[in-house]
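# Structure at a glance
Chain residues, written in single-letter form:
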Amino acid sequence: MNRFDGRRVLITGAGSGIGQATVHRILAEGGRVVGVDVDEAGLAATAARAAEDGTAGRLRTARLDISDEAAVRSGVAAAAEHLGGLDALVNAAGILRSAHTHETTLDFFNKVLAVNLTGTFLMIREALPALLEGQAPVIVNFSSTSASFAHPYMAAYAASKGGIQSMTHAIAAEYSKRGLRAVCVAPGSISSGMTTGRGPGLPEDADMSLFTKLAPAIGQGFAGPETVAGVIAMLASEDGAFITGTEIRIDGGTHM
Ligand SMILES: NC(=O)c1ccc[n+]([C@@H]2O[C@H](COP(=O)([O-])OP(=O)(O)OC[C@H]3O[C@@H](n4cnc5c(N)ncnc54)[C@H](O)[C@@H]3O)[C@@H](O)[C@H]2O)c1
């Protein structure tokens, strides 16, 4: 399947988890990719795997902090110049921090919002001019099951993901007549750096009985990040041509 032949794709969070799996999926389907992340070791691992797969010639990686406005401006411009335009933007970069809400500092709250919500906004704002000149342009944003289903100790994270979901709907409507689609994936129970790696960092005294729905209904526990990457590849290709302004939940039925 070569749905991405000739497609130019910018992916954030490309050094780990779902973003990294999406890089490899889109390369495998013929796309040209710029993958960015703050984690340079992660980006090196992404590039090494592409070299093994024989797809490295269509991948460029670069360090980029999506919460830094000036860096996003120059980083997106460099990516669009390298690719000769942009057809898809996949905003996978994000952080998960947990805490009791009554102990959450303003710095903590602002940090989560700055990366997840403001960072996603900055990437979109800077990429839009190139996307609107692109072929069948698509933005894939990252919501989470926490946006629609209660996740205790994650008020800041859930707020950031709910904001991304609402922002995606607004953008989908605003640019619909110009041929741009904007969609969200809402993953849950996916093994990655923020879940099974460094983990969500729950408070030590977290009451796990408050997590009413933790287990996927299908499979053998957490699924791999490639399960989400496959859905993103569908959404960012012509197979997703009639999907916009909505989200797809990918959680093995945890929240059905
Ligand atoms: N894993 C899950 O079950 C799950 C559930 C819901 C939503 N998500 C979302 O999926 C997306 C991907 O996360 P993941 O699960 O693959 O976790 P991950 O930690 O493996 O990957 C996140 C990546 O984002 C990068 N990143 C963090 N801050 C950044 C910044 N300021 N600028 C650029 N890059 C930055 C990290 O370095 C990391 O490589 C996130 O938006 C996350 O919120 C994941």
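Everything that follows concerns the structure shown earlier in this document.
The present account deals with the structure reproduced in this document. Everything numeric in this text was worked out from a predicted model, so none of it was measured.

The angle between the axes and the distance between the axes are what describe a pair of packed helices. At their nearest, the axes of helix α3 (residues 69–83) and helix α4 (residues 106–132) sit 9 Å apart, and the two run at 30° to each other. In the crossing of α3 with α4, the sense of the turn from one axis to the other is right-handed. Residue-level inspection shows Glu 69, Val 72, Arg 73, Val 76 and Ala 80 of α3 in contact with α4, the latter providing Leu 122, Met 123, Arg 125, Glu 126, Ala 127 and Ala 130. Grouping the constituent residues of the contact of α3 with α4 by class yields seven nonpolar, no polar and four charged.

What follows deals with the sheet that holds strand β1 (residues 8–12). Spatially, seven strands are ordered β3-β2-β1-β4-β5-β6-β7 in an open sheet, and the strand pairing comes out parallel. For this open sheet the edge positions go to β3 (59–63) and β7 (247–250), each flanked by a neighbour on one side alone. The mean angle between the axes of side-by-side strands here comes to 15°, regardless of whether they run parallel or antiparallel. In this fold helix α2 (residues 40–53) packs onto β2 (32–37) and β3, with an angle of close to 175° to the strand it touches most, β3. Seen against the sheet, α4 touches β1, β4 (88–91) and β5 (138–142) and runs at an angle of roughly 175° to β4.

Thresholds applied
Counting from 1, residues in each chain are numbered in the order their sequence is written. With pLDDT at 70 or above as the cut-off, local features in this predicted model cover only qualifying residues; side-chain atom pairs require 80 or more to be listed or tallied, and sums for whole chains, interfaces and linings still use all residues. Think of the side-chain values as coming from all heavy atoms in the structure, minus any hydrogens and water. Geometry is summarised by axes, namely lines fitted to C-alpha atoms with helices restricted to the contacting stretch, and by angles between N-to-C directions that run from 0 to 180 degrees. A run of DSSP states H or I qualifies as a helix once it reaches four residues; a run of E qualifies as a strand once it reaches two. Both are numbered from the N-terminal end. Crossing chirality is assigned from the near helix's rotation relative to the far helix, an anticlockwise turn below a right angle marking it left-handed and a clockwise turn marking it right-handed. A contact between two residues is defined here by any heavy atoms of the two lying within 4.5 Å. Gly is put with the polar residues, along with every residue not named as nonpolar or charged; the nonpolar set is Ala, Val, Leu, Ile, Met, Phe, Trp, Tyr, Cys and Pro, and the charged set is Asp, Glu, Lys and Arg. Being paired, for any two strands, means DSSP has found at least two bridges between them.

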